[in-house]
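Breakdown of the fold
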Amino acid sequence: MDTLTYWNGTWHEGNPAILGPRDHAFWLGSIVFDGGRAFEGCGPDLDLHAERVVRSAKALGLKPTKTAKEILDLMHESVRRFGPKAELYVRPMFWAMKGGSGPISVDPESTQFLLCTYVSPMRAGTPLSLGLCRSIRRATPESAPTDAKASCHYPNSSRGVAEMQKRGFTNGVVLDMLGNVAETCSSNVFLAKNGVVATPVPNGTFLAGITRFRTVELLRNAGIKVEERRVKPEELDDADEIFTTGNAGKVQPVNRYEGRDLQPGPIAARAHDLYMAYARTQRVI
């Protein structure tokens with residue numbers, strides 16, 4: 001078993017057929033999701049992921065059919081079904097089946113829920129390479145539902161990743177509409193200079209992630225200064241360290257940025273160790 005999906009009150013193995021061509025979400029993108037991690041029988045901050053998917057659904061005009069507590073209970077059950085050795089991605093989703101009274105509007109009463117948990121090996125601590133992404137920018141709150149972790153944001157990120165991979169990088173740094181650093185195509189970004197850590201201040205253009213929040217808190221509690229502020233792209237050119245946070249790889253050091261090689265540094269290593277120590281206190285099994 002590598003995939004387990006809870007839908008309509010039943011657990012299904014594999015990839016069940018759920019959406020049809022007339023469903024609103026299928027062709028008009030009314031889907032939100034969240035993604036937590038479970039490994040070694042632990043599920044760090046799954047409660048925060050459950051709460052965020054409910055907020056995302058409301059931000060997209062959906063009507064959540066599960067509470068955050070109900071979602072968390074299902075998350076824990078799915079992790080237990082896989083056992084303590086599995087490395088898992090835990091993904092709750094809400095979507096709309098029907099349109100509303102307008103030509104493309106959503107019918108909130110048609111909102112559906114599922115939880116999909118599947119095997120996904122951890123990349124925590126694995127170095128990655130970044131370039132500066134020139135093909136895309138992060139949207140503003142007026143131009144996209146940036147207050148939701150919505151599926152409609154991700155085709156733009158996919159375009160950015162495709163650009164970066166053609167240039168030989170793992171991922172790319174994405175700017176906001178004002179030319180400031182926002183995040184990477186799929187994670188939050190940090191830099192360190194002279195022992196001080198900086199990360200872009202949340203400004204409504206990017207997802208300020210749960211792993212990002214936890215990493216900032218852990219570093220500050222360890223006595224490391226972390227600044228949430230405007231970050232200009234040229235600051236990455238001479239940073240002592242660059243690292244990223246996100247659910248796919250948790251904390252990952254950057255070993256190449258554009259044409260410059262970097263050594264994974266002590267602050268990134270400290271952030272990784274602090275996060276993993278915290279995660280192992282969050283037992284599910």
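One can find the structure itself at the top, above this paragraph.
Here is what the cut-offs are and how they apply
- Residues numbered from 1 in each chain as written.
- Predicted model: local features only at pLDDT ≥ 70, side-chain atom pairs only at ≥ 80, totals over all residues.
- Heavy atoms only, no water.
- Axes fitted to C-alpha atoms, helices over the stretch in contact; angles between N-to-C directions.
- Helix = DSSP H or I, 4+ residues; strand = E, 2+ residues; numbered from the N terminus.
- Parallel < 35°, antiparallel > 145°, perpendicular 65-115°, else oblique.
- Contact = heavy atoms within 4.5 Å.
- Nonpolar A, V, L, I, M, F, W, Y, C, P; charged D, E, K, R; others polar.
- 1 Å grid on protein atoms, 1.4 Å probe; cavity = no way out; pocket = protein on both sides within 12 Å on 5 of 7 lines; lining within 4 Å.
- Points joined across faces, edges and corners; volume = space filled by probe spheres on them.

1. A word on the packing of helix H5 (residues 210-221) against helix H6 (residues 266-279)
Between H5 and H6, the least distance of the axes is 9 Å, while the angle of their chain directions is 105°. As summarised for this structure, H5 and H6 are arranged roughly perpendicular, according to the angle between their axes. Contacts between H5 and H6 involve Thr-211, Arg-214, Thr-215, Leu-218 and Leu-219 from the former and Ile-267, Ala-271, Leu-274, Tyr-275 and Tyr-278 from the latter. The residue inventory of the contact of H5 with H6, partitioned by class, reads seven nonpolar, two polar and one charged.

2. What about the layout of surface pockets?
Size it by volume and the largest pocket reaches roughly 880 Å³. The residue makeup of the lining of the largest pocket, split by class, is 15 nonpolar, 21 polar and ten charged. Roughly 230 Å³ of volume is contained in the second largest pocket. Lining the second largest pocket we find 14 residues, and of these Asn-15, Ile-18, Arg-91, Met-93 and Leu-114 sit closest to its centre. Those elements giving two or more residues to the lining of the second largest pocket turn out to be strand S1 (3-7), strand S5 (88-96) and strand S6 (111-119). No other element matches S5, which puts three residues into the lining of the second largest pocket. Partitioned by chemical class, the residues of the lining of the second largest pocket number nine nonpolar, four polar and one charged.

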